[in-house]
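One-letter residues, chain by chain:
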Amino acid sequence: MTPPLLRRLWQMIEELPHHTLEKLDDLGLVTWVLSHLEHRQHLRIEERKAVERYLYTHMMLIRDVSDSLMA
């Protein structure tokens, strides 16, 4: 993943409403982030797969960041 794509991804995660994140399971969160990311920029198939893998492997961190932003 390119650094600009990674920055955009984390920016979206930080903007995700906490109440929405709490309602989503892992699959729902990945689907939500990917769909919103693809509305902002076109992703090639390889990029989409890389983002999906990244999200799944960083799920606990994503939820921790979201929780800390609400504190």
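Everything here concerns the structure above.
Here the structure is a predicted model, which means the values were calculated and not measured. Per chain, residue numbering runs from 1 following the sequence as it is written. It should be noted that, the model being predicted, local features are given only for residues of pLDDT at least 70 and side-chain atom pairs only at 80 or more, the latter also being counted only at that level, while totals for whole chains, interfaces and linings use all residues. For the side-chain quantities, the full set of heavy atoms in the structure was used; hydrogens and water were omitted.

Time to look at the nonpolar core. Within the largest apolar cluster, 18 residues are counted, with the highest numbers of intra-cluster contacts made by Leu9, Leu29, Leu37, Val51 and Leu55. Every helix listed is a DSSP run of H or I at least four residues long, and every strand listed is a run of E at least two residues long, numbered separately from the N terminus. Listing elements by their share of this core, those giving two or more residues are helix H1 (3-15), helix H3 (26-40), helix H4 (45-57) and helix H5 (59-70). By definition, residues are in contact when any of their heavy atoms lie within 4.5 Å. Not counting the four nearest positions on each side in its chain, Val51 is found in contact with Met1, Leu5, Leu9, Leu34 and Leu37. For the purposes of this section, nonpolar cores are sets of buried Ala, Val, Leu, Ile, Met, Phe, Trp, Tyr and Cys residues that join through side-chain atoms within 4.5 Å. Partly exposed describes any residue whose relative accessible area lies between the buried limit of under 20% and the exposed limit of over 50%, with all areas from a 1.4 Å probe on protein chains only and scaled to the type maximum.

Relative to the helices and strands, Glu47 is located in helix H4. Residue classification places Glu47 among the buried residues on the basis of a relative accessible area of 15%. Measuring from C-alpha to C-alpha, the distance between Glu47 and Thr2 comes to 8.9 Å, with 45 residues separating the pair along the chain. Ignoring sequence-local partners within four residues, the contact set of Glu47 consists of Leu5 and His42.

Before going further, it helps to examine the environment of Ala50. Topologically, Ala50 is positioned in helix H4. The class of Ala50 is buried, set by a relative accessible area of 19%. Considering only alpha carbons, one finds Ala50 and Met1, 49 residues apart in sequence, at a separation of 6.5 Å.

Right, let's get into the pattern of salt bridges. One speaks of a salt bridge when a side-chain nitrogen belonging to Lys or Arg is within 4 Å of a carboxyl oxygen belonging to Asp or Glu. Applying the stated criterion across every chain, the model contains six salt bridges. Between Arg40 and Glu15 there is a salt bridge whose closest N-O contact spans 3.2 Å. With Arg40 in helix H3 and Glu15 in helix H1, this residue pair connects regions lying 25 residues apart in the sequence. Linked through salt bridges whose partners overlap, the residues forming this network are Glu38, Arg48 and Glu52.

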